[in-house]
Amino acid sequence: MAAAGVLLRAFCRQCRVLLFLSQFYILSGGESTDIPPYMMKCPSNGLCSRLPADCIECKTNFSCVYGKPVTVDCTVKPSVTCVDQDFRSQKSFVLNMTCRFCWQLPETDYECSSSTSCMAVSCPRQRYMANCTVRDHIHCLGNRTFPKMLYCNWTGGYKWSTALALSITLGGFGADRFYLGQWREGLGKLFSFGGLGIWTLLDVLLIGVGYVGPADGSLYI
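Chains are numbered independently. Their residues run from 1 in the order of the written sequence. With pLDDT at 70 or above as the cut-off, local features in this predicted model cover only qualifying residues; side-chain atom pairs require 80 or more to be listed or tallied, and sums for whole chains, interfaces and linings still use all residues. No hydrogens and no water enter the side-chain calculation; it runs on all heavy atoms of the structure.

**Quick look at the sheet that holds strand β5 (residues 92-98)**
Strand pairing within a sheet occurs via backbone hydrogen bonds; the two strands may be parallel or antiparallel.
Part 1 of the reasoning: Between any two strands, pairing holds if DSSP finds at least two bridges. Segments assigned H or I by DSSP are reported as helices when at least four residues long, segments assigned E as strands when at least two residues long, and all are numbered from the N terminus. Across the sheet, which stays open at both edges, the 3 strands sit in the order β2-β3-β5 with antiparallel pairing between neighbours. Two strands close off the open sheet at either side, each with one partner strand: β2 (56-58) and β5. Recorded for the sheet is a direction-independent mean angle of 40° between the axes of neighbouring strands.
Part 2 of the reasoning: With 7 bridges joining them, strand β3 (residues 69-76) and β5 adopt antiparallel strand pairing. Each residue of the ladder has a partner; that of Thr75, found in β5, is Ser92. With axes taken as lines fitted to C-alpha atoms, and helix axes fitted only over the stretch in contact, angles between N-to-C directions fall between 0 and 180 degrees.

Structure representation (C-alpha coordinates):
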(Lines give C-alpha, C1' and ligand atoms only; values in the text may rest on other atoms or scores of the structure.)
Protein backbone atom coordinates (compact mmCIF):
# COMPACT_ATOMS: atom_id res chain seq x y z
CA MET A 1 0.00 0.00 0.00
CA ALA A 2 2.82 2.38 0.84
CA ALA A 3 4.51 1.74 -2.51
CA ALA A 4 1.24 2.35 -4.33
CA GLY A 5 0.82 5.68 -2.51
CA VAL A 6 4.32 6.76 -3.49
CA LEU A 7 3.67 5.90 -7.13
CA LEU A 8 0.36 7.77 -7.08
CA ARG A 9 1.97 10.92 -5.66
CA ALA A 10 4.75 10.75 -8.26
CA PHE A 11 2.19 10.38 -11.03
CA CYS A 12 0.26 13.43 -9.79
CA ARG A 13 3.44 15.50 -9.71
CA GLN A 14 4.22 14.53 -13.29
CA CYS A 15 0.69 15.51 -14.38
CA ARG A 16 1.07 18.92 -12.76
CA VAL A 17 4.42 19.44 -14.49
CA LEU A 18 2.96 18.46 -17.87
CA LEU A 19 -0.01 20.78 -17.35
CA PHE A 20 2.31 23.67 -16.47
CA LEU A 21 4.47 23.04 -19.54
CA SER A 22 1.45 22.91 -21.88
CA GLN A 23 0.08 26.21 -20.52
CA PHE A 24 3.49 27.82 -20.86
CA TYR A 25 3.71 26.61 -24.46
CA ILE A 26 0.36 28.18 -25.34
CA LEU A 27 1.07 31.50 -23.59
CA SER A 28 4.46 31.77 -25.25
CA GLY A 29 2.84 31.65 -28.69
CA GLY A 30 3.53 28.03 -29.52
CA GLU A 31 -0.18 27.54 -30.27
CA SER A 32 -2.29 30.51 -31.26
CA THR A 33 -5.89 30.52 -30.01
CA ASP A 34 -6.77 33.98 -31.32
CA ILE A 35 -9.87 34.33 -33.49
CA PRO A 36 -9.60 36.87 -36.33
CA PRO A 37 -11.72 39.95 -35.54
CA TYR A 38 -13.63 39.69 -38.83
CA MET A 39 -15.02 36.28 -37.80
CA MET A 40 -17.55 38.05 -35.57
CA LYS A 41 -19.30 39.26 -38.76
CA CYS A 42 -18.99 36.05 -40.79
CA PRO A 43 -21.87 33.53 -40.53
CA SER A 44 -20.83 29.89 -40.67
CA ASN A 45 -21.91 27.75 -43.65
CA GLY A 46 -23.95 30.52 -45.24
CA LEU A 47 -24.06 31.41 -48.91
CA CYS A 48 -20.73 32.78 -50.11
CA SER A 49 -22.47 35.48 -52.15
CA ARG A 50 -24.21 36.77 -49.00
CA LEU A 51 -21.08 37.14 -46.90
CA PRO A 52 -20.22 40.64 -45.58
CA ALA A 53 -17.42 42.47 -47.34
CA ASP A 54 -15.10 42.01 -44.33
CA CYS A 55 -15.22 38.22 -44.81
CA ILE A 56 -14.02 38.07 -48.43
CA GLU A 57 -11.26 39.38 -50.67
CA CYS A 58 -12.16 40.36 -54.22
CA LYS A 59 -10.21 41.33 -57.33
CA THR A 60 -11.81 44.70 -57.99
CA ASN A 61 -12.39 45.75 -61.58
CA PHE A 62 -11.98 49.55 -61.64
CA SER A 63 -12.41 49.66 -65.43
CA CYS A 64 -16.10 48.79 -65.23
CA VAL A 65 -18.80 51.16 -66.49
CA TYR A 66 -20.46 53.19 -63.72
CA GLY A 67 -23.96 52.01 -62.86
CA LYS A 68 -23.66 48.79 -64.86
CA PRO A 69 -23.68 45.25 -63.40
CA VAL A 70 -20.22 43.71 -63.00
CA THR A 71 -18.87 40.34 -61.81
CA VAL A 72 -15.74 40.03 -59.67
CA ASP A 73 -13.74 37.00 -58.53
CA CYS A 74 -13.69 36.63 -54.75
CA THR A 75 -12.18 34.28 -52.17
CA VAL A 76 -13.14 33.85 -48.54
CA LYS A 77 -10.69 34.83 -45.83
CA PRO A 78 -8.98 32.19 -43.64
CA SER A 79 -11.25 30.41 -41.13
CA VAL A 80 -14.38 31.48 -43.05
CA THR A 81 -16.62 28.67 -44.33
CA CYS A 82 -19.43 29.12 -46.85
CA VAL A 83 -21.40 27.16 -49.45
CA ASP A 84 -22.83 27.67 -52.93
CA GLN A 85 -26.43 27.34 -54.08
CA ASP A 86 -26.12 23.52 -53.94
CA PHE A 87 -24.76 23.66 -50.35
CA ARG A 88 -21.29 22.58 -51.44
CA SER A 89 -18.36 24.10 -49.60
CA GLN A 90 -16.29 26.52 -51.64
CA LYS A 91 -13.47 28.99 -51.19
CA SER A 92 -13.68 30.90 -54.48
CA PHE A 93 -16.80 32.28 -56.11
CA VAL A 94 -18.08 35.01 -58.43
CA LEU A 95 -19.84 38.02 -56.93
CA ASN A 96 -22.39 40.13 -58.79
CA MET A 97 -22.45 43.84 -57.92
CA THR A 98 -23.09 47.29 -59.39
CA CYS A 99 -20.12 49.30 -60.63
CA ARG A 100 -19.88 52.35 -58.34
CA PHE A 101 -17.61 53.71 -55.65
CA CYS A 102 -18.67 53.53 -52.02
CA TRP A 103 -19.17 57.29 -51.75
CA GLN A 104 -21.60 57.09 -54.69
CA LEU A 105 -23.98 54.72 -52.89
CA PRO A 106 -27.52 55.76 -51.88
CA GLU A 107 -27.83 57.17 -48.37
CA THR A 108 -29.64 54.02 -47.24
CA ASP A 109 -26.53 51.88 -47.91
CA TYR A 110 -24.20 53.54 -45.39
CA GLU A 111 -24.23 55.02 -41.89
CA CYS A 112 -22.68 58.37 -40.96
CA SER A 113 -21.61 59.93 -37.71
CA SER A 114 -23.81 62.68 -36.31
CA SER A 115 -22.84 66.07 -34.90
CA THR A 116 -24.52 68.05 -32.12
CA SER A 117 -22.15 71.01 -32.32
CA CYS A 118 -23.53 72.62 -35.48
CA MET A 119 -26.61 74.79 -35.90
CA ALA A 120 -29.44 72.85 -37.54
CA VAL A 121 -31.59 76.02 -37.66
CA SER A 122 -29.64 78.71 -39.50
CA CYS A 123 -29.63 80.61 -42.77
CA PRO A 124 -27.88 79.39 -44.81
CA ARG A 125 -28.09 75.85 -43.46
CA GLN A 126 -24.88 74.67 -41.85
CA ARG A 127 -23.10 71.48 -42.81
CA TYR A 128 -20.52 69.32 -41.05
CA MET A 129 -17.92 66.74 -42.06
CA ALA A 130 -19.18 63.24 -41.23
CA ASN A 131 -17.42 59.89 -41.32
CA CYS A 132 -19.53 57.35 -43.19
CA THR A 133 -19.22 53.55 -43.22
CA VAL A 134 -20.84 51.23 -45.76
CA ARG A 135 -23.20 48.60 -44.38
CA ASP A 136 -21.77 45.09 -44.05
CA HIS A 137 -23.65 43.37 -46.90
CA ILE A 138 -23.21 46.18 -49.45
CA HIS A 139 -20.36 45.77 -51.96
CA CYS A 140 -18.74 48.71 -53.72
CA LEU A 141 -15.45 50.02 -55.11
CA GLY A 142 -12.84 51.89 -53.09
CA ASN A 143 -12.67 52.59 -49.35
CA ARG A 144 -15.64 51.46 -47.30
CA THR A 145 -15.14 54.38 -44.91
CA PHE A 146 -15.19 57.87 -46.38
CA PRO A 147 -15.85 61.52 -45.35
CA LYS A 148 -18.94 63.36 -46.53
CA MET A 149 -20.43 66.81 -46.00
CA LEU A 150 -23.92 66.56 -44.51
CA TYR A 151 -26.50 69.10 -43.43
CA CYS A 152 -26.93 69.54 -39.67
CA ASN A 153 -29.99 67.50 -38.81
CA TRP A 154 -30.30 66.74 -35.11
CA THR A 155 -32.82 67.41 -32.37
CA GLY A 156 -32.48 68.24 -28.69
CA GLY A 157 -35.96 66.95 -27.84
CA TYR A 158 -37.87 70.23 -28.16
CA LYS A 159 -41.42 69.96 -29.53
CA TRP A 160 -42.78 72.60 -31.87
CA SER A 161 -46.34 72.04 -30.60
CA THR A 162 -45.27 72.64 -26.99
CA ALA A 163 -43.38 75.81 -27.87
CA LEU A 164 -46.35 77.16 -29.83
CA ALA A 165 -48.83 76.30 -27.05
CA LEU A 166 -46.65 78.07 -24.45
CA SER A 167 -46.29 81.07 -26.74
CA ILE A 168 -50.08 81.38 -27.11
CA THR A 169 -51.01 80.80 -23.46
CA LEU A 170 -48.03 81.99 -21.39
CA GLY A 171 -46.05 83.95 -23.95
CA GLY A 172 -46.56 87.19 -22.03
CA PHE A 173 -44.48 85.72 -19.19
CA GLY A 174 -41.72 84.45 -21.50
CA ALA A 175 -42.57 80.78 -20.96
CA ASP A 176 -41.99 79.96 -24.63
CA ARG A 177 -38.52 81.49 -24.62
CA PHE A 178 -37.62 79.78 -21.33
CA TYR A 179 -38.74 76.44 -22.80
CA LEU A 180 -36.50 76.93 -25.85
CA GLY A 181 -33.50 77.70 -23.64
CA GLN A 182 -33.45 81.40 -24.48
CA TRP A 183 -33.51 82.65 -20.89
CA ARG A 184 -32.31 86.19 -21.68
CA GLU A 185 -35.21 86.79 -24.04
CA GLY A 186 -37.48 85.07 -21.54
CA LEU A 187 -36.47 87.48 -18.79
CA GLY A 188 -36.99 90.38 -21.19
CA LYS A 189 -40.53 89.26 -21.97
CA LEU A 190 -41.27 88.54 -18.31
CA PHE A 191 -40.31 91.99 -17.02
CA SER A 192 -41.81 93.84 -20.00
CA PHE A 193 -45.11 91.94 -19.82
CA GLY A 194 -44.48 90.46 -23.23
CA GLY A 195 -43.40 93.76 -24.71
CA LEU A 196 -46.86 95.08 -23.84
CA GLY A 197 -48.31 92.30 -25.96
CA ILE A 198 -46.46 93.17 -29.15
CA TRP A 199 -43.52 90.82 -28.49
CA THR A 200 -45.97 88.07 -27.53
CA LEU A 201 -47.83 88.32 -30.83
CA LEU A 202 -44.59 88.41 -32.81
CA ASP A 203 -43.30 85.29 -31.06
CA VAL A 204 -46.51 83.42 -31.79
CA LEU A 205 -45.98 84.14 -35.48
CA LEU A 206 -42.23 83.45 -35.46
CA ILE A 207 -42.58 80.16 -33.57
CA GLY A 208 -45.57 79.20 -35.69
CA VAL A 209 -43.57 79.48 -38.92
CA GLY A 210 -40.50 77.86 -37.34
CA TYR A 211 -38.29 80.94 -37.55
CA VAL A 212 -37.58 80.88 -33.78
CA GLY A 213 -36.17 77.55 -32.61
CA PRO A 214 -34.25 76.02 -29.70
CA ALA A 215 -31.24 77.93 -28.41
CA ASP A 216 -28.91 74.99 -29.04
CA GLY A 217 -29.56 75.21 -32.77
CA SER A 218 -31.34 71.85 -33.02
CA LEU A 219 -34.50 71.02 -34.91
CA TYR A 220 -37.96 70.56 -33.44
CA ILE A 221 -39.27 67.03 -33.01
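**Brief notes about the sheet that holds strand β8 (residues 145-151)**
Part 1 of the reasoning: Across the sheet, which stays open at both edges, the 3 strands sit in the order β6-β7-β8 with antiparallel pairing between neighbours. Because the sheet does not close on itself, it has two edges, and the strands there are β6 (110-112) and β8. Strand-to-strand twist across the sheet, computed as the mean angle between neighbouring axes with direction ignored, equals 40°.
Part 2 of the reasoning: As paired elements, β6 and strand β7 (residues 127-134) share 3 bridges and run antiparallel to each other. Note that in β7 the partner of Tyr110 across the bridge is Val134.

**A look at the UniProt feature "transmembrane region" (unreviewed entry) in the chain**
Part 1 of the reasoning: UniProt positions are given in the numbering used here, feature names are shortened, and annotations may be inferred rather than shown by experiment. Following the UniProt record, the feature "transmembrane region" (unreviewed entry) maps to residues 190-212 here.
Part 2 of the reasoning: Between the end C-alpha atoms of residues 190-212 there is a gap of 18 Å, over a span that is 74% helix and 0% strand.

**Focus: the packing of aromatic side chains**
Part 1 of the reasoning: To pair, rings of Phe, Tyr and Trp, with the six-membered ring standing in for Trp, must have centres within 6.5 Å; the planes then decide the type, stacked if under 30 degrees apart, edge-to-face if over 60, and tilted in the middle. For the structure shown, the criterion picks out 3 aromatic pairs.
Part 2 of the reasoning: Between Tyr110 and Phe146, the aromatic rings sit 5.3 Å apart at their centres with planes inclined by 75°, giving edge-to-face as the arrangement. One end of the pair, Tyr110, is in strand β6; the other, Phe146, is in strand β8, with 36 residues separating them in the sequence.
Part 3 of the reasoning: Whether a residue is buried, partly exposed or exposed follows from its accessible area with a 1.4 Å probe, protein chains only, as a fraction of its type maximum: under 20%, in between, or over 50%, in that order. Classification of Tyr110 by relative accessible area gives buried; the value is 5%.
Part 4 of the reasoning: Relative accessible area serves as the criterion here: at 7%, Phe146 is assigned to the buried category.
Part 5 of the reasoning: For the cation-ring pair, Arg127 lies above Tyr151, with the distance from its terminal atom to the ring centre recorded as 5.3 Å. Only when the NZ atom of a Lys or the CZ atom of an Arg is both within 6 Å of the ring centre and within 35 degrees of the ring normal do we say a charge sits over the ring.

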